[in-house]
Amino acid sequence: MAGTSIPTEAGLLRRHLMLSRSASRLQRLGALAARGALLLVTCSSVFAVIFIFLFIFRDALPFFGLRGFAEVFTDTAWYPSAEPASFGALAIFFGSGIVTLGAVVVAVPLGVAAAVCLSDVLPFSVRQFAKPVIEMLAAIPSVAYGFFALVVLAPLLQEKGGVVLSVGACLAGAPLGLLAVVVLSDLLTSRLPDPSRPVVRLVLMGGLCAAGFYGLTQLVQLLLRLPIHSGTNALNVSVILGIMALPTVVSVSEDALHAVGRELREASYALGATRAETLVKVVIPAARSGILAAVVLGVMRAVGETMVVWMASGNAAQIPRPWFNVLEPIRTLTATIAGEMGEADHVTGSARYHVLFALALCLLLICFVCNLLGEWAVRRSKARLR
Amino acid sequence: MKRSTLRTVILLAVASAFALAVQTRGVHAQESTAGSTKIVVDGSTTVGPIAKAFAEHYMGLHPEVNITVSESGSGNGAKSLINGVCDVADMSRFMKEREFKAAVEKGVMPVAHVVAMDGLPIIVHPSNPVKALTVQQVRDIYTGKITNWREVGGPNVRIVKISRDTNSGTYETFAKLIMKKEKIAPDTEHVGSNGAVRQRVQSTPAAIGYAGLGFVDRTVKALGINGVYPDRESVRSGRYPIARPLFMFTDGYPALGTRLHAFVTLHLSPKGQEIIEDIGFVPVTDY
Amino acid sequence: MRLSTRKLLDRSFSGLGVFAILLMVGALLVLLAPIAARGSRAFVFRATVEHRQFMLEESGRGDHDAIDAEIRAAAEVRRKAYDMIARFEEELEAAGRSERRELRRSLREVKDHLAGLLGPAPGNARPVLLRDQYGQTRWDRALVGLGDFLYVTEYDYSDPSGMGRPLLVPRVDGFRGTSLEPLFAYVEQNLERMLRPRLTFYWRFLFDEGRDAHFFGGIWPAVLGTLYLTIGTMLIAAPVGIASAVYLAEFAGEGWLISLIRTCIGTLAGVPSIVFGLFGLAFFINTLGVSDSKSVLAGCLTLAVLVLPTVIRASEEAILAVPKTYKEASLSLGAGQGSTVLRVILPAALPGILTSVIISMGRAAGETAPIIFTAAVSLGRPLSLRQTLSQPTPALPWNIYNLCTEHEAVDQIRHVQYGMVLTLVLLVLLLNLAAILLRARLARRLAG
C-alpha cells in the first residue's frame, strides 16, 4: 500500500499517514508497551491498597491469636499496660461511634439543606460565592481544626457551656417551634367548619405558643444548670467533625440532586406542588441513593479523623452514663492508635502492639465497607436515573 | 500566549522551589573522626525540654551538626533505639526486660545515662482548697473510689481526673509508685504530654493531674504528698515519695571524642547542669 | 393544609437551606477570625527594646548605635528600680530575724518577676538559658508580666461549698512602710520607658530559626519542612497520578481489572490518615529501608500514597472534560492514540490537572497523622536538599500539635502557635485559591 510511486500531493499525504507494515508493527508494539507501562503505573494504587492491608493484617492477626476475638469487642476494660493487661475496646468503638453519630447529626441535615439550597433555590451568582467557601472549609488542615477545638472551643464550653448551649437551643428551637405551632394549629383545625375556624386557630396558636415558650424556658434552665466538667468532650469533637464533614456531604449530595432531571421537578410543579414539596417528596427521594453516598462519605471522614479527636476528645476509654451524655470525655479508635503507638513496641511482639493494629484493621474494614457502600449507592443512583 | 503564561507559572514554581532549597544554609554531611553530623533524638516528652535545650546549646557551639529531637513517648524512644532509627532515646523510665532482650537480639546494647532527677508533683487548680493528700488518697481518687473533693476535705465538686497517655514513662512511674497495680478508672481523661496535663488542670477548677517537675509553674498548685511538698530539696533527698531519674539511652557507650559522646555527657558539664536546673529539673550531681 | 401554611413551609424550607449556608460561612469566619487576628500578632506586634537587643546580639540585625542608645536610655530608667531594691536589701539587714526571713522570700519573688520583665539584673551572672537572658520581647506579654509583678493571686477559701475565689492582692501590701514601697508604683508608671515598645513588623518570623524552644525567633525549619514535604509529595504523586488518570480515561475499557483498580482507588481515598502513618513506618522505613531514621523522603512517599486517589480522580475528570471533538480531530488527522494524548488531550486538560495537583498539595501540606511516624520531629535545623533523603524535619502541622500540647510553657508562646496555624492555613488556602482561580479561567476558556 505504501509502495505507490506517483509523487502527487495526495500521494505524499498518504505516505505520511499510512505507514509501512513494518513501521506500523513497530509503532503498534511501542504503543502496546506504553500502554502496558501505563497500566503498571495505574496498578500502583492497587499495590498500595494490597500492601496496606497486608501490613495491617500481618501485625493484627497475632493479636487475635494471642487473645481471641471476644474480649476486644465485648469488654469495656481498656488497660493495655496493666499486669495482667486487658484489651476491652468496646468503649473505644463506642467512642468512635458516638462522635461519628454526632457528626452525622450535625452535618447531614445542614449539608443536605445546603445542597438543596445550592442546587434548587439560590441564584447562580450566590452559588459562585458559596462554592469556594465550602472548598475552603474542606481545605483547612485538620490540625487547625484541632487547635481551634482545643484552644478556643474547649475553654468556651467549659466556662460558658450552659450559655452556649442555651443560645444554640434558642436559635434552633424558636424558629422551628414557631413553624411547628403554625403547622400544627393549621392541621388540627382543618376539619372545623368555616366560621369558627380562624378563631379556634388563633386560640390554639396562642396556647401552643405559650406551651412552646414554657418548654423552651425549661430547656434553657436545664441547660444552664448542666454540669460541664470538661470542655474536651464528645460534643466538642462532634461539632467540629460535623463541620469538617459538611463540605463532603454538601458537594456529593449536590451532585446527586443535580443528577435528578428537570422533568421530574417540572412535572411536580405542574401538579401544583410548592418548591419545598417538590424537593421533599420528589427530588430528594429520587436522589436518595446519592444522598446516602454523601452520608457514607461524611461518616468515613468523621471515623477516620485523627488529630481533632486526639487533641479534643478527652481520651477517656469509657461509655458515659447515660450513654448519650455527650458532655463526657470519650476515646476513639484513631486517637487510641495515635496515642498508644509510642509505647507499644513491635520488637517484643507484645499483645499491646498488635491490639493497635487490630484496631487499625477494624478501622480499615469500617472504611472499606463504607466505601463499598458508597460506591454501590452511587452506581445505583446512576442506574436508576438512567 | 495563554499556554506560555501557564508554562511560565510552572517554571517559576519549579525555580522557586529550587532556589529555596539552594538558599537554605546547607550543612554538608561530612564524616570525620568526630562521627556523624546527624544526631537523632527520640523519646519521652518529659525529657524533651532537656534534650531540646541541650541540642540547641550544642548546635550553637557546633553549627555543622544537626540534632533532631522528637517527643513521642518513652516507649517509642526505646523502640526507635532498638530499631536503629535514633541515636539517643530519651526515657523517663528505665528500659524493660523485654526491651533489653529485643535490643540484644538486634545487636543493640542499650547504655543508660542518667541526666536528671525528677519528682512527679500531683497538681490541682490553685482555687482548690485542698493542700495535701496521702498516697492512698491519690490512689483512691484515680481508681474511682473517691469521686468528690468533699471526701478529701474540699468542696462538694466532682473530681476531674487527668492522666498521661499510657505510652509515657510518666504514666508508668505513676502507675508503679502510686497506683501499685490498681487500675485507673475508665472515666479518667488521658492527654498526650506533660504540658497538656498542666494546661487541662490550669483551666479546670475541679481537676487533678500529675506532671514532671519541670512542667509545674505558678498556674497550678502542687499538693503535698504524705506531708512532703515537691521541690528540689525533697526530690533529691528522696523524701518526696514520687521521684525518679530521667535517662538517655545510647547503643553502647559512644566512642570518646565523638559528637554523640559530647551530647550525652553534656549533663555532667556545669552548663548542662545549669540548663537542667533552669528548666526545673534536679541535676544528678546536686547532692 | 392551607395554602398560606404551605407557602410558609416552602419559605422556611428555603430559609433552612440559606441558614445552613450562612452557618458554613459563619463557621469559616469563626474558625479563621481568631487564627487571623492572633496569628498576625506573631508578625506585627509591639516589640520592646529587649527584642531589638536580642536581634542585635544574636543575629547582628539592626542599627548598632541606635539600639545601644536605646538600651542605655532604658537602663537609666531601670537603674532607679534596682537602686530601690539594693537600698531595701541594706535595710533588711537591720530588721529582726523572723521578719527578715519572711521579707526575704517576698523579695525574691519580686526580683524573679522583675527579671522576667526586664531580664537579669545588672551585675548578676548571665543565665544559661536564652529565655532568662532577656526580658519580655513583646509588650503584650510584658503587660501580663506586669500584672503578675503588681498583684499576687490569692484564693479565698472561706466558702466551703465551692472552689476558692481568686483575689488580686497588691504585692505592695507586703512592703508597706519599707523603702521598697515606691518600687511598684515606679515600675508601673515607667514600664513603657523601661521597655520602649514600638510597633514592629517582624516578617523574619517566617525565615528565622526558633531559638530556645520557640521563646524567640521564628518558624523557618517547620515552614521549609512543610514545603519540602509538599513539593516532594507532588513530585512523586503527580506523575503516577496523572499517568493513572490518562490510562483510566483514555485506554481503559470495562473489565474486572479496571473495576478492581477503581475500587482500590476509592478504598485508598477512604483509608484513615493514621493508618497511612502506620503503613509508612512499617513499609517505607522498616521494610524498604529508604532511610535509616524518619526522613523527609519517607514522609513524602507516605503522603504521596495518601494524595494519589485525589490526584487520579481530579485529573481523570479534567481529561474527560476535554471536548471529544479535540480527540476526534486529532485522530482524523492521522495522529496515533499516543501522540493524541500527549499533544492534544494533555495540554487541553493541563489547567484542570494543575488544579487537582494544587488541591492535593494543600492536602499534603496539612496532613499530620501520616508524618508523625515517618518524617516529623519537634526540633531540627532547616535541611539542605541532600539531607532530605536521610533526615527528618520539623513540619508545620506536627509542630502546631507539639507546641500547643507538649511544650513546657504553652501559654507563653501562644503567639508562635497562632503564627504557625496562620502560616499553615494561609499556605493551604492560597493553594486552594490558586486552584479556584485557575478553574475559573478554565471555565471561561471552555465557555468562550
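Residues numbered from 1 in each chain as written. Chains lettered and ligands numbered in written order. Predicted model: local features only at pLDDT ≥ 70, side-chain atom pairs only at ≥ 80, totals over all residues. Heavy atoms only, no water.

Asks: Provide a residue-level description of the interface of chain C and chain A, including the pertinent values.
Replies: With 81 residues of chain C at the interface, the matching set in chain A holds 81 residues. Together, the buried faces of chain C and chain A total about 7100 Å²; carbon and sulfur atoms form 81% of this surface. The largest contributions to the chain C side of the interface with chain A come from F13(C), M24(C) and L31(C), which together make up 9% of the buried area. Inspection of the chain C/chain A interface yields one salt bridge. A salt bridge links E277(A) to R6(C); the nearest nitrogen and oxygen atoms lie 2.8 Å apart. There are six residue pairs in polar contact (both at pLDDT 80 or more) connecting chain C and chain A. Among the elements of the structure, α1 (3–39), α8 (220–251), α9 (256–270), α10 (273–287), α11 (296–320), α14 (369–372), α15 (396–406) and α16 (414–447) of chain C are those that each provide at least two residues to the side of chain C that touches chain A. It is α1(C) that contributes the most residues to the side of chain C that touches chain A, 23 residues altogether. Residues of the side of chain C that touches chain A, tallied by class, amount to 57 nonpolar, 18 polar and six charged. (Contact = heavy atoms within 4.5 Å. Buried area = accessible area lost by both parts, 1.4 Å probe. Salt bridge = Lys/Arg side-chain N within 4 Å of Asp/Glu carboxyl O. Polar contact = N/O pair within 3.5 Å; in protein donor to acceptor, adjacent residues only side chain to side chain. Helix = DSSP H or I, 4+ residues; strand = E, 2+ residues; numbered from the N terminus. Nonpolar A, V, L, I, M, F, W, Y, C, P; charged D, E, K, R; others polar.)

Asks: Describe helix α7 (residues 142–189) of chain A, with residues and values.
Replies: Taking 1.5 Å of rise per residue, the 48 residues of α7(A) would be expected to cover 70 Å, yet its terminal C-alpha atoms sit only 51 Å apart, more than 12% below that figure. Roughly 95 degrees is the biggest bend found in α7(A), and it falls at K160(A). (Expected span 1.5 Å × (residues − 1). Bend = angle between axes of the 7 residues up to and from the residue.)

Asks: Break down the interface of chain B and chain A for me, with residues and values.
Replies: Across the boundary between the two partners, chain B contributes 32 residues, which contact 32 residues of chain A. Regarding the contact of chain B and chain A, the summed buried area is about 2500 Å², with carbon and sulfur atoms giving 46% of it. Contact with chain A buries area across many residues of chain B, yet K79(B), R158(B) and K183(B) alone supply 21% of it, more than any other trio. Joining chain B to chain A, the criterion identifies two salt bridges. Note that D165(B) and R331(A) form a salt bridge whose closest N and O atoms lie 3.3 Å from each other. Our enumeration of links across chain B and chain A arrives at 10 residue pairs in polar contact (both at pLDDT 80 or more). Counting residues per element, the ones that place at least two in the side of chain B that touches chain A are α3 (74–83), α4 (97–105), α6 (169–179), β8 (189–191) and α7 (194–203) of chain B. Of the residues belonging to the side of chain B that touches chain A, the class tally is eight nonpolar, 11 polar and 13 charged.

Asks: Describe the environment of L260(B), and please don't skip the residues or the numbers.
Replies: Residues and elements named next belong to chain B. Residue placement: L260 occurs in helix α9 (residues 259–264). Of the residues examined, L260 reaches a relative accessible area of 22% and is grouped as partly exposed. Residues L260 and T37, spaced 223 residues apart in sequence, show a C-alpha to C-alpha distance of 9.1 Å. With sequence-adjacent residues up to four places away left out, L260 is seen in contact with I39, D87, V88 and P254. (Buried < 20%, exposed > 50% of the residue type's maximum accessible area, 1.4 Å probe, protein only.)

Asks: If you had to explain the domain arrangement of chain B to someone new, which residues and values would you point to?
Replies: All names here are of chain B. The domains assigned to chain B are domain 1 (32–117 + 245–283) and domain 2 (121–241). For domain 1 and domain 2, the distance between their C-alpha centres works out to 28 Å. The interface of domain 1 with domain 2 comprises 16 residues on the first partner and 16 residues on the second. A combined buried area of about 1100 Å² lies between domain 1 and domain 2, and 53% of that area is made up of carbon and sulfur atoms. Across the contact surface, domain 1 and domain 2 share three salt bridges. Between E277 and R232 there is a salt bridge, with the nearest N and O atoms lying 2.5 Å from each other. Within the residue set of the side of domain 1 that touches domain 2, elements represented by two or more residues are α3 and α10 (270–279). Its residues assigned to classes, the side of domain 1 that touches domain 2 comprises five nonpolar, eight polar and three charged. (Domains from an automatic or database assignment.)

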